[in-house]
Amino acid sequence: MPVFISIVARTTSFIDLQRRAVESMFDDPVRYVVVNNEHGDSRFAITDHCRKAGIVVHEVPGPCPSNPSESHAHALNWSWRNLVDDVAIFADLDIFPVRRIRMASLFGGKPMAGVPQTRGPFIYPWPGLLPVNIRELPSSENMNFSPVPGRDTGGLIADYLMQHDLGFRTMSLALEPDAVRRSEEHTSELQSRQYLVC
């Protein structure tokens, strides 16, 4: 069964809302899983919240890098090695589906889909929303979400895609009305983009 992996740090604010959106917007059954990437005071609160809500939660083992990009990559790499064996959708906590989604149309014949992120000559899918079909990836054990100089979290995905002559289906993010205003309210708390996914 496909798994929707929500990478969570610092807050429980959107966990229940995101889970409800995932459960209501996917036509196919999808497991919702929280990966607790908090290594500070909020770690217990996130895990406790998820357990009380009946949400599967996994705590990323430490030590956690202090750099936010490296910390995010650490959580993604841990999730890839420990939770993914079929189709996975990686998402930041502030990503919500707002339209019906069918797995069959999500990938468009490619092994992954994502919002293009460009750094210099490199184009790779932004890992804040990244559907991946592991069955379609060659040497999937070599997938690495780490940043490299000049490229943010997920930067090594560009190397993996070039090495295996693969592409990804381009997705786009759509802003809900007032999302920009709400983004300003939440950015400092979440340090992430406040987008709603179509």
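Remember, it's a predicted structure, so these values are computed and weren't measured experimentally. (Residues numbered from 1 in each chain as written. Predicted model: local features only at pLDDT ≥ 70, side-chain atom pairs only at ≥ 80, totals over all residues. Heavy atoms only, no water.)

Asker: What should I look at first to understand the pairing of strand β8 (residues 122–125) in this one?
Answerer: Each regular strand displays side chains that alternate between the two surfaces of the sheet. With four bridges connecting them, strand β7 (residues 116–119) and β8 associate as antiparallel partners. What sits directly across from arginine 119, in β8, is phenylalanine 122. Counting the residues that bridge the hairpin from β7 to β8 gives two residues, and of these glycine 120 lies at a positive phi of roughly 60°. (Pairing = 2+ DSSP bridges. Helix = DSSP H or I, 4+ residues; strand = E, 2+ residues; numbered from the N terminus.)

Asker: Looking at this structure, how should I read the packing of aromatic side chains?
Answerer: Describing an aromatic ring pair means giving the distance of the ring centres and the angle of the ring planes. Inspection of every chain in the model, using the stated rule, returns six aromatic pairs. Their ring planes at 35° and their centres at 6.3 Å tell us that tryptophan 80 and phenylalanine 90 sit as a pair that is tilted. Note that tryptophan 80 is positioned in helix α3 (residues 68–83) and phenylalanine 90 in strand β4 (residues 87–92), a separation of 10 residues in sequence. Each member of the pair, tryptophan 80 as well as phenylalanine 90, is classed as buried. Through a chain of ring-to-ring contacts, the aromatic side chains of Phe4, Phe26 and Tyr32 assemble into a single cluster. One cation-aromatic arrangement involves arginine 151 over phenylalanine 122; the distance from NZ or CZ to the ring centre is 3.7 Å. (Phe/Tyr/Trp six-rings, centres within 6.5 Å; stacked < 30°, edge-to-face > 60°. Buried < 20%, exposed > 50% of the residue type's maximum accessible area, 1.4 Å probe, protein only. Lys NZ or Arg CZ within 6 Å of the ring centre and 35° of its normal.)

Asker: Could you clarify how one ought to interpret helix α2 (residues 42–52) in this entry?
Answerer: Those residues of α2 lying buried are Arg43, Ile46, Thr47 and Cys50. Taken end-on, α2 shows its buried residues confined to a sector of 90°, consistent with a single buried face. Residues Phe44 and Lys52 are exposed on α2 and point more than 90 degrees away from its buried face. Elements in contact with the buried residues of α2: β1 (3–8), α1 (15–25), β2 (31–36) and β3 (56–59). One or two positions beyond α2, positive phi appears at glycine 54, with a value near 75°. (Arc of directions from axis to C-beta. Contact = heavy atoms within 4.5 Å.)

Asker: Please clarify how the side chain of serine 79 should be interpreted in this entry.
Answerer: Locating serine 79 in the fold gives a position in helix α3. Accessibility expressed as a relative area gives 0% for serine 79, which makes it buried. Other than its neighbours up to four places away in sequence, serine 79 contacts Ile5, Ile7, Val35, Val84 and Phe90.

Asker: Just checking my understanding: could you explain α1 for this structure?
Answerer: Because each turn of an α-helix spans 3.6 residues, side chains separated by three or four positions in sequence point in the same direction. For α1, the set of buried residues is Ile15, Gln18, Arg19, Ala21 and Val22. What you see down the axis of α1 is that its buried residues fit within an arc of 160°, all on one side. Buried positions along α1 lie against β1, β2, α2, β4 and β5 (96–97).

Asker: What am I meant to see in the confidence of the model for the chain here?
Answerer: Regions with low pLDDT carry predicted coordinates that are not meant to be interpreted in detail. Overall, the prediction assigns the chain a mean pLDDT of 86, with 87% of residues at 70 or greater. By mean pLDDT, the top-scoring element of the chain is β3 (97), and the lowest-scoring one is helix α6 (residues 179–190) (37). (pLDDT = per-residue confidence, 0-100.)

Asker: Please explain the environment of valine 22 as it appears in this structure.
Answerer: With respect to the helices and strands, the residue valine 22 is situated in helix α1. Given a relative accessible area of 1%, valine 22 falls into the buried group. Each C-alpha atom, one on valine 22 and one on tyrosine 32, is 7.4 Å from the other, the two residues being 10 residues apart in sequence. Residues contacting valine 22, with those up to four places away along its chain left out, are Phe4, Val30, Tyr32 and Pro97.

Asker: What should I look at first to understand the sheet that holds β1 in this one?
Answerer: In sheet architecture, strand pairing relies on hydrogen bonds along the backbone and comes in two forms, parallel and antiparallel. Spatially, the five strands line up as an open sheet ordered β3-β2-β1-β4-β9, and their pairing is mixed. The open sheet is flanked by β3 and β9 (129–133), the only strands paired with a single partner. Strand-to-strand twist across the sheet, computed as the mean angle between neighbouring axes with direction ignored, equals 20°. The sheet contact formed by β4 and β9 spans five bridges and is antiparallel. Across the sheet, phenylalanine 90 pairs through a bridge with leucine 130, a residue of β9. (Axes fitted to C-alpha atoms, helices over the stretch in contact; angles between N-to-C directions.)

Asker: So what exactly am I meant to see when it comes to the pattern of salt bridges here?
Answerer: If the charged atoms of two oppositely charged side chains come close together, the side chains can form a pair. The tally for this structure, following the rule as stated, stands at six salt bridges. Of the charged contacts, one joins glutamate 23 and arginine 19 as a salt bridge, the two residues approaching to 3.8 Å between their closest N and O atoms. Remark: arginine 19 and glutamate 23 occur in helix α1; sequence separation between them is four residues, near one turn of the helix. On the accessibility criterion, glutamate 23 (52% relative accessible area) is exposed. In this structure, lysine 52 and aspartate 48 form a salt bridge, with 3.0 Å as the shortest nitrogen-oxygen distance. In this pair, lysine 52 and aspartate 48 are both assigned in helix α2, four residues apart and thus about one turn of the helix distant. A relative accessible area of 67% places lysine 52 in the exposed class. (Salt bridge = Lys/Arg side-chain N within 4 Å of Asp/Glu carboxyl O.)

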